[in-house]
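Geometric and topological summary
Chain residues, written in single-letter form:
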Amino acid sequence: MAYRVVLFLTLWIALWVGAGAGLGYLLFKTGWTGAVDGFFFALLTTFLWPFTRILALLAGAPVLGNMATPTRLKIGLSVMIALIIAPTIGTLPKVEPASPEGLFVLGQQVLIGLAMGFAMRIVFSAVEMAGEIAGLQMGLGFATFFAADSGGSTLVVGKFLGLLATLTFLSLDGHLLM
C-alpha cells in the first residue's frame with residue numbers, strides 16, 4: 001500500500017507542477033483516464049476518511065486544540081498521521097466523496113473525531129473546575145489572572161490543576177494513545 005501512496009504523490013506532483021498539461025494530455029489520449037481516476041479515487045477515499053477524523057480530533061483535543069496552537073500545525077500533523085495510518089486501515093466504505101452518501105460519511109467522521117476530542121476536553125475542564133471550586137473554598141478567590149484562551153480572568157488554583165493534568169496526560173503518553 002505504501003507504493004500506492006508514493007505513486008499517488010508522484011503523479012499528483014507531476015500533474016500539478018510543471019508537467020501537468022503534458023502528462024494529463026498523454027493519459028487522456030491513451031485512454032488511461034479511467035484507470036487513473038479509479039486509482040486516485042481509491043487513494044483519495046483511503047486518505048480522506050482518516051484525515052477528517054484525525055483533524056477533527058486534533059481540533060477538539062485538549063493539548064493541541066488550544067487557540068495558541070497554529071492551524072497549519074494541526075493540519076500538517078493530521079496529514080502526517082493520516083498518511084501513516086491510512087495504509088494500515090482495513091476496508092473503507094466505497095463511496096464517492098462528492099456524493100450525498102460521501103458527504104454523510106464525511107460528516108460522520110467529523111462528528112466522531114470531535115466527540116473523541118471533546119470527551120477528553122471534558123475531563124480537563126472538570127479538573128480545572130475542581131481547582132476553581134477548591135480555590136474559592138480555600139479563600140483564594142482574589143488570586144486570579146487574565147487568561148487569553150478563555151477571554152477573562154481565571155483562578156490560579158484552577159489553572160494550576162489544569163496544567164498539572166496536562167503534564168500528567170503528556171507524561172503518561174496520553175497524546176500517543178489519541
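What you are looking at is a predicted structure, and each value in this text was computed from that prediction instead of being measured. (Residues numbered from 1 in each chain as written. Predicted model: local features only at pLDDT ≥ 70, side-chain atom pairs only at ≥ 80, totals over all residues. Heavy atoms only, no water.)

Let us look at the nonpolar core. Leu57, Ala61, Met120, Phe124, Ala165 and Phe169 form the largest nonpolar core, which has six residues in total. Looking at this core, the elements that each hand over two or more residues are α5 (100-137) and α6 (156-171). Residues in contact with Ala165, not counting those within four places in the same chain, are Phe124 and Val127. (Core = buried A, V, L, I, M, F, W, Y, C linked by side-chain atoms within 4.5 Å. Buried < 20%, exposed > 50% of the residue type's maximum accessible area, 1.4 Å probe, protein only. Helix = DSSP H or I, 4+ residues; strand = E, 2+ residues; numbered from the N terminus. Contact = heavy atoms within 4.5 Å.)

Here we come to the environment of Ala115. Relative to the assigned elements, Ala115 resides in helix α5. On the accessibility criterion, Ala115 (46% relative accessible area) is partly exposed. Residues Ala115 and Ala61, spaced 54 residues apart in sequence, show a C-alpha to C-alpha distance of 9.5 Å.

Moving on, we get to the packing of aromatic side chains. One pass over the structure, following the stated rule, counts two aromatic pairs. Between Phe124 and Phe169, the aromatic rings sit 5.4 Å apart at their centres with planes inclined by 85 degrees, giving edge-to-face as the arrangement. Taken together, the residues Phe124 in helix α5 and Phe169 in helix α6 connect sequence positions 45 residues apart. (Phe/Tyr/Trp six-rings, centres within 6.5 Å; stacked < 30°, edge-to-face > 60°.)

Within the protein, residue pLDDT values average 75, and 70% of them lie at 70 or more. Ranking the elements of the protein by mean pLDDT puts helix α2 (residues 20-30) last, at 46, and helix α4 (residues 71-85) first, at 88. Every residue in residues 14-33 scores below 50 in pLDDT, and together they form 12 contacts with partners more than four places removed in sequence or on other chains. (pLDDT = per-residue confidence, 0-100.)

Moving on, we come to α5. If you check α5, its first and last C-alpha atoms are 53 Å apart, about what 38 residues at 1.5 Å a residue would give, namely 56 Å. If you check which residues of α5 are buried, you get Gly102, Val105, Gln109, Gly113, Gly117, Met120, Phe124, Gly131 and Gly135. Of the residues one or two after α5, Gly139 is the one with positive phi, at around 90 degrees. (Expected span 1.5 Å × (residues − 1).)

To continue, consider the side chain of Thr69. Mapped onto the secondary structure, Thr69 falls in the loop between α3 (33-60) and α4. Setting aside anything within four residues of it in sequence, one finds Thr69 in contact with Val63, Leu64 and Lys74.

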